[in-house]
Amino acid sequence: MINQTLGKNYDKPLVSVIVPTYDNAIYIHKCILSLIEQTYNNIEVIVVDDGSHDATESIVQGLVQGDQRIRYIKQNNYGVCIARNKGIAQSNGKYLLFVDSDDYLKRNYVEKLVDAAELNHSELVIGGYSVIKDNDLVEREIVPKSYERHEDEMSAYSISSAWGRLYLKLYWVESGLQFIQEENARGEDTPISYYANLTAKNISIVNNAGYCYVQHTGSAMTGLAGFKKYHFPYETFLVYLTKALESQYVNSVVYYKIGVCKLFAQFCFLLAHGAKKEQIKRLCDYILLIDDKYLKLTLSCSERKKIIVSSLPLTHKVAILLLSLGVKSKLLYFIVSVRSRMPI
């Protein structure tokens, strides 16, 4: 049974905030403080420690003593996906919210997401984020502009991490969603986000950059550049692509396709820069397989028009169109190889 009465606002639905962490003693105190100081206080904070060796446990346990809304769970080092799944399994809320332990939230962030969800009976609410450097300076803000089902869904594909989204837990459970731990992969939360973009009912957006995404040299995404440590989530993507196309989806498959092209373009033309030839070939072969067996990635005139008139940055638009051209011409490996040797 879902308990919705923890916290002080008993007339408000409970939000379960899942915080996976690993050796993040430097950042986690600020992260958790930003959660328990939210203007929306009917939350439970579930911190899942993925086998930290630093002072993370003592910091969190100290905070637990001062606020009964915080729970601490320790596991062996199984990976962030297993940690998130464990947090979900232990959650009691009507809604699920994921926060990375090196990030933090502005004070009214949760309140705005829940208000939108309750007002629109949304299974998914998407909010914006601020990119924060280590010195706490805001580098830029990414704010979703608009969302209209079938007509303009691009904002949903511009913010596609596990964080930045509020999910109705009932939708998550009934959809059979879970994170897949894939060795040396990053971006493994994006296929789930894309699945939700296609299948969730009454998607809402919040024009607010209240999630503070902290970029630092130790960030997981840093290792994706040139595929030095990590690679595309091949297994996870295929699982959720198949699941999405077999689902009774209610939103636009055209925007889903454009989103897939956008994701592939990011890996091909940004993250593959400086990668080894065999890594580039693996990625390009995989994309061509997806195009041949699962989802045609060649864009029609109307689909290209949707990209051109969208709010995406010009560089993103060009990359998506170039990706589709490379697939159509079967010259994708050549195009990506040339681009990977050019200055960014």
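This text follows the structure it describes.
Anyway, here's the lowdown on the structure attached to this text. (Residues numbered from 1 in each chain as written. Predicted model: local features only at pLDDT ≥ 70, side-chain atom pairs only at ≥ 80, totals over all residues. Heavy atoms only, no water.)

Things to note about the overall build of the chain
Working step 1: Counting secondary structure elements, the chain contains twelve helices and nine strands.
Working step 2: For the chain, whose C-alpha radius of gyration is 20 Å, the value lies close to the compact-globule estimate of 20 Å for 344 residues.
Working step 3: Seen along its three principal axes, the alpha-carbon backbone of the chain occupies a region of about 60 × 40 × 35 Å.
Working step 4: For the chain, the residues scored as buried account for 56% of the 344 residues in total.
Working step 5: Summarising the internal contacts of the chain: among those between residues at least 6 apart in sequence, 81% fall at separations of at least 24.
Working step 6: Carbon and sulfur atoms form 54% of the exposed surface of the chain, whose accessible area is close to 15,400 Å².
Working step 7: Considering the chain, the positive charge centre built from 39 side chains and the negative charge centre built from 36 side chains are found 6 Å apart. (Helix = DSSP H or I, 4+ residues; strand = E, 2+ residues; numbered from the N terminus. Rg over C-alpha atoms; globule rule 2.2 N^0.38 Å. Buried < 20%, exposed > 50% of the residue type's maximum accessible area, 1.4 Å probe, protein only. Contact = heavy atoms within 4.5 Å. Areas by Shrake-Rupley, 256 points an atom, 1.4 Å probe, with all protein chains shown as cover. Lys, Arg positive; Asp, Glu negative; His and termini not counted. Charge placed at Lys NZ, Arg CZ, Asp CG, Glu CD.)

Details of helix α4 (residues 109-120)
Working step 1: If you check α4, its first and last C-alpha atoms are 17 Å apart, about what twelve residues at 1.5 Å a residue would give, namely 16 Å.
Working step 2: Within the sequence span of α4, burial applies to Y109, V110, L113, V114, A116 and A117. Each buried residue of α4 sits inside an arc of 160 degrees when the element is viewed along its axis, so together they form one side.
Working step 3: Taken from the residues just after α4, H121 is the one with a positive phi, measuring 55 degrees. (Expected span 1.5 Å × (residues − 1). Arc of directions from axis to C-beta.)

Describing the packing of helix α8 (residues 253-271) against helix α10 (residues 301-309)
Working step 1: Where α8 meets α10, the closest approach of the two axes is 11 Å, and the angle between their N-to-C directions is 70 degrees. Classified by the interaxial angle, the pair formed by α8 and α10 is roughly perpendicular. Along this stretch, α8 crosses α10, giving a crossing that reads as right-handed. Taking contact as the criterion, the partners of V254, Y255, K257 and I258 in α8 are, on α10, E303, K306 and I307.
Working step 2: Taken together, the residues of the contact of α8 with α10 sort by class into four nonpolar, no polar and three charged. (Axes fitted to C-alpha atoms, helices over the stretch in contact; angles between N-to-C directions. Parallel < 35°, antiparallel > 145°, perpendicular 65-115°, else oblique. Left-handed = near helix turned anticlockwise from the far one by under 90°. Nonpolar A, V, L, I, M, F, W, Y, C, P; charged D, E, K, R; others polar.)

Here we look at the environment of E118
Working step 1: On the secondary structure map, E118 appears in helix α4.
Working step 2: It is 9.0 Å that separates the C-alpha atoms of E118 and P13, two residues lying 105 residues apart in sequence.
Working step 3: Sequence-distant contacts of E118, defined by excluding residues within four places in its chain, comprise P13, K94 and Y95.
Working step 4: Among the polar contacts listed, one links the side chain of E118 to the side chain of K94, at a separation of 2.9 Å. (Polar contact = N/O pair within 3.5 Å; in protein donor to acceptor, adjacent residues only side chain to side chain.)

Considering the pairing of strand β2 (residues 43-49)
Working step 1: In terms of burial, β2 is largely enclosed, as seven of its seven residues are buried.
Working step 2: Burial of the side chains of β2 extends over both faces: I43, V45, V47 and D49 are buried on one face and E44, I46 and V48 on the other.
Working step 3: Where strand β1 (residues 15-21) meets β2, seven bridges bridge the pair, whose relative direction is parallel. Along β2, the bridge assignment pairs V19 with V47.
Working step 4: For the handedness criterion, the β-α-β arrangement of β1, helix α1 (residues 25-36) and β2 is classed as right-handed.
Working step 5: Sheet topology places β2 next to strand β3 (residues 70-74); five bridges connect them, and they run parallel. Bridge pairing in β3 places D49 opposite K74. (Pairing = 2+ DSSP bridges. Right-handed = clockwise from strand over helix to strand, strands pointing away.)

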